[in-house]
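# Descriptive structure summary
Here is what each chain is made of, one letter per residue.
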Amino acid sequence: MSLLLIVGCTTPTKQPTTVGPYCNISWDKTNNPKVAWYQLTLIDQSKQAKIVRFIPADFTTVSCREVGANHEGIWEVTVQSCYDKSTCGAPTEAARMQITTK
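Notes on the structure follow.

Scoring rules and cut-offs
Numbering of residues starts from 1 in every chain and runs along the sequence as written. With pLDDT at 70 or above as the cut-off, local features in this predicted model cover only qualifying residues; side-chain atom pairs require 80 or more to be listed or tallied, and sums for whole chains, interfaces and linings still use all residues. As a rule here, side-chain values cover all heavy atoms of the structure and leave hydrogens and water aside. Between any two strands, pairing holds if DSSP finds at least two bridges. Strands here are runs of E lasting at least two residues and helices are runs of H or I lasting at least four, both read from the DSSP assignment and numbered beginning at the N terminus. Only protein chains enter the accessibility calculation, which uses a 1.4 Å probe; a residue whose area is less than 20% of its type maximum is buried, one above 50% is exposed, and one in between is partly exposed. The definition used for a disulfide is geometric: two cysteine sulfur atoms within 2.5 Å.

## Some details on the pairing of strand β7 (residues 73-84)
Where strand β4 (residues 37-44) meets β7, eight bridges bridge the pair, whose relative direction is antiparallel. By the bridge assignment for β7, Asp44 is matched with Trp75. Sheet topology note: the β7/strand β9 (residues 95-99) ladder contains five bridges and is antiparallel. Opposite Gly73, over in β9, you have Ile99 as the bridge partner. Pairing geometry for β7 and strand β8 (residues 87-88), over two bridges, is antiparallel. Residue pairing for β8: Cys82 is matched across the bridge by Cys88. Counted between consecutive antiparallel strands, the loop separating β7 from β8 contains two residues.

## Examining the pairing of β4
Of all eight residues in β4, six are buried, a share of seventy percent or more. Here eight bridges tie β4 to strand β5 (residues 49-56), and the two strands are oriented antiparallel to one another. Each bridged residue has a counterpart across the sheet, and for Asp44 the counterpart in β5 is Ala49.

## Describing the state of the cysteines
Note on terminology: disulfide describes a covalent bond linking the sulfur atoms of two cysteines. All chains considered together, the criterion is met by two disulfides. Here the disulfide map of the protein chain reads 1-2, 3-4, the bonded cysteines being numbered as they appear in the sequence.

## A few points about unusual backbone geometry
The phi angle at Gln48 is positive, at roughly 50°, despite the residue not being glycine. Note that Gln48 resides in the loop between β4 and β5. Judged by its relative accessible area of 58%, Gln48 falls in the exposed class.

Remember, this is a structural readout, not a statement about activity or role.
Next up, the structure:
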């Protein structure tokens with residue numbers, strides 16, 4: 001599964017991609033029909049805070065703000081496919097983004 005940050009697409013790298021405050025996070029849909037959820041994990045590097053969101057498997061794009069990346073700073077994002085909210089596969093490699101208002 002690959003992870004993209006739209007409005008400045010990124011794939012996992014060490015260097016963060018600069019995006020605006022209205023960015024979207026998008027990933028490839030799994031071919032496994034048993035997957036019911038995607039778990040997004042966002043880490044706010046400035047506050048060392050972690051946000052976990054479960055997204056229904058019908059969706060593969062969410063807005064950064066909608067899932068909690070709602071202020072400037074550097075964020076890391078991973079996605080996992082889940083059968084339920086307690087059984088998930090391995091996360092993608094972290095994609096890094098820098099949210100800026102400029």
